[in-house]
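# Structural overview for review
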Amino acid sequence: MAKEFSPDKYTITPKETIHEGIHSDIDAVDISVGDRKVSLLRKKHIGYSADFMDGAQAHSFLKKKGYPVFPTWRYDEEEEIDYITDLRRGGTHKVIDFCGHPDNYKKVFISNFSDLKNEAKLLLEKLADDGIILNEPNIFFDMELSTGVAKIILGDLREIGAEIDDDEVYTRDQIFSHNQNIIDGHMSRLKEQMIEKTL
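Residues numbered from 1 in each chain as written. Predicted model: local features only at pLDDT ≥ 70, side-chain atom pairs only at ≥ 80, totals over all residues. Heavy atoms only, no water.

### Thoughts on the packing of aromatic side chains
- Going through the model one piece at a time under the given rule, you end up with four aromatic pairs.
- Each ring, one from Phe-5 and one from Tyr-10, has its centre 5.0 Å from the other, and the planes form 15 degrees; the classification is stacked.
- For Tyr-10, a relative accessible area of 34% puts it in the partly exposed group.
- Ring centres of Phe-98 and Phe-141 lie 6.3 Å apart, and the angle between their planes is 65 degrees; on these two criteria the pair is classed as edge-to-face. Taken together, the positions of Phe-98 in the loop between strand S7 (93–96) and helix H2 (113–130) and Phe-141 in strand S8 (residues 139–144) put the pair 43 residues apart, joining distant regions of the chain. (Phe/Tyr/Trp six-rings, centres within 6.5 Å; stacked < 30°, edge-to-face > 60°. Buried < 20%, exposed > 50% of the residue type's maximum accessible area, 1.4 Å probe, protein only. Helix = DSSP H or I, 4+ residues; strand = E, 2+ residues; numbered from the N terminus.)

What follows is the structure in structure tokens.
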């Protein structure tokens, strides 16, 4: 679940800049207390102050419902900074986010694409059953570089439901169709980036 984070209780060591954008700046940091150290991404939000807590609240809700989300989500409400799991795991994994950096469009080996398609189908059914509307930035892929095994992660959760923010009531079929367009688009882009592994 998302939990409040008090940075003054920890030593925060910056490692690298990941993204500098108009809505957020993201860098990789090590958070340590005593001998214990955890690598996280620190996301400083720019603007949208009224919506800052949306991501943390969505993370808690989705994790409780069994959705594939970042394992860790901490937030500093006063400074409007999120601290989330660095899925790259020190370079053993790659995070593919088609709403992000051009590096995400480099060719990759995916060994479980048919399983990933089944995972997407199950996710679509669950989202429709729960009435959850996706937006483009919500879908990430977490890929283990050594095996090519990828899985879907729901990531930029402040954007969840952003496509539909009026008072209209949507049917399960409308939500399913909307989400299917989003997920199918990401899956198609991923398939275009796939390469065959050679020995």
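### Focus on the nonpolar core
- Core analysis: the biggest nonpolar cluster contains 43 residues, and Tyr-67, Leu-116, Ile-139, Phe-141, Leu-154, Ile-183 and Leu-190 have the highest contact counts within it.
- Those elements that place two or more of their residues in this core are strand S3 (24–33), helix H1 (54–64), strand S5 (73–76), H2, S8, strand S9 (150–154) and helix H3 (172–193).
- Of all the elements, H2 adds the most residues to this core, at seven residues.
- Setting aside chain neighbours within four positions, we find Leu-116 in contact with Phe-141, Ala-150, Lys-151, Ile-152, Met-187 and Leu-190.
- Judged by nonpolar contacts, the second largest core, of six residues, contains Phe-5, Val-29, Ile-31 and Leu-40. (Core = buried A, V, L, I, M, F, W, Y, C linked by side-chain atoms within 4.5 Å. Contact = heavy atoms within 4.5 Å.)

What is shown is where atoms sit, not what they do.
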